[in-house]
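Here is what each chain is made of, one letter per residue.
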Amino acid sequence: MLSLLKVLLFSFTAALSFVSLDALAYTEAVPFVHEKISVLPSGKRVTVSFRERPCKSGECWEADAGMWGIDGGIPRFITEVFLVSIDGKEFVIPRKFYQDLTNTYQLRIFEQNARVVIELKGGEAAGAYTARFKLGGMCGFEREVCAEVCKEIWERTTWYNAFAYEADPRCGSGIQ
């Protein structure tokens, strides 16, 4: 009986050695959530709240184009919330600039040329993307979308709306 138990234990251990621990961890995907306050080298305090949620029944349609993070099929998760504040002041990013980002798995905040950059990575294989929001002062932003490893920009959008940022008198001339 003891030898049978040893054989079973050895067989189980051998079988586990062929299974990656990452594969075991990804058996059930969960929506991406990032709720964090970061202090950048310049001293700026950046608060980001980013949340995805599963698609509700009948809400998400099969996507061949128009959504980042999926290469055909129905996305598992869609972005529900993307809120940013810099030094306690809300930075408005309209929903239309993040609702097409799906299946996110990483969010990173850093500075580049005195601008706050929020970088999102999502999808996998042919549907993988990197989206960078380059925040220009408090007056607007640029969004760039490229592959997982950015060698060429697939989409570039510059958004500036004086009405949204009318509280800041420095916004009269566009992105700072």
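Presented here is an overview of the structure given in this document. Just so it is clear, the model here is predicted, and its values are computed rather than measured.

This paragraph deals with the packing of aromatic side chains. What the rule picks out here adds up to 9 aromatic pairs. Geometrically, the ring pair formed by Phe82 and Tyr98 is edge-to-face, given 5.7 Å between the ring centres and 90 degrees between the ring planes. Here Tyr98 lies in the loop between β4 (89-91) and β5 (104-112) and Phe82 lies in strand β3 (residues 77-86), a separation of 16 residues in the sequence. Consider the rings of Phe133 and Phe141, whose centres lie 5.9 Å apart with planes at 50 degrees: the pair is tilted. Here Phe133 matches Phe141 in class, with each residue buried. Clustering of aromatic rings is evident, with ring pairs tying together Phe32, Phe50, Phe82, Phe91, Phe97, Tyr98, Phe133, Phe141 and Trp159.

Right, let's get into the pattern of salt bridges. Summed over the entire model, instances satisfying the criterion amount to 9 salt bridges. We note a salt bridge from Glu80 to Arg53, for which the minimum N-O separation is 3.3 Å. Here Glu80, found in strand β3, pairs with Arg53, found in strand β2 (residues 45-54); they are 27 residues apart in sequence, far enough to count as distant. Accessibility expressed as a relative area gives 15% for Arg53, which makes it buried. When the shortest N-O distance is used, the salt bridge between Arg156 and Glu144 registers 2.9 Å.

Spatial ordering of the open sheet is given by β5-β6-β7-β8-β9, a layout of 5 strands whose pairing is antiparallel. Looking at the sheet topology across the chains shown, the edges are occupied by β5 and β9 (153-160). Direction aside, neighbouring strands of the sheet carry axes that sit 15 degrees apart on average. As defined by bridge partners, β5 adjoins strand β6 (residues 115-122) across 8 bridges and the pair is classed as antiparallel. Across the sheet, the residue bridging to Glu111 is Val116, located in β6.

As a further point, take the environment of Ile37. By secondary structure assignment, the location of Ile37 is in strand β1 (residues 33-39). Looking at Ile37, the relative accessible area reads 47%, which means it is partly exposed. Separated by 47 residues in sequence, Ile37 and Val84 have C-alpha atoms that sit 9.8 Å apart. With near-sequence residues (within four places) excluded, Ile37 lies in contact with Arg45, Val46 and Thr47.

The rules behind these values
- The numbering scheme is per chain: residues are counted from 1 as the chain's sequence reads.
- Per-residue local features are limited, in this predicted model, to residues with pLDDT of at least 70; the limit for side-chain atom pairs, both in listing and counting, is 80 or more; totals at the level of whole chains, interfaces and linings are taken over all residues.
- Derived side-chain values reflect all non-hydrogen atoms in the structure, with water molecules and hydrogen atoms excluded from consideration.
- Each Phe, Tyr or Trp ring (for Trp, its six-membered ring) is paired with any other whose centre lies within 6.5 Å, and the angle between the two planes then decides the class: stacked below 30 degrees, edge-to-face above 60, tilted in between.
- Starting at the N terminus, helices and strands are each numbered in turn, a helix being any DSSP run of H or I of at least four residues and a strand any DSSP run of E of at least two.
- Note on classification: 1.4 Å probe, protein chains only; a residue is buried when its accessible area is under 20% of the maximum for its type, exposed when over 50%, partly exposed between these limits.
- Salt bridges are counted wherever a side-chain nitrogen of Lys or Arg sits within 4 Å of a carboxyl oxygen of Asp or Glu.
- At least two DSSP bridges between two strands are required for those strands to pair.
- Fitted lines through C-alpha atoms give the axes, limited to the stretch in contact for helices. The angle between two N-to-C directions lies from 0 to 180 degrees.
- Contacts are assigned to residue pairs with any non-hydrogen atoms lying within 4.5 Å of each other.

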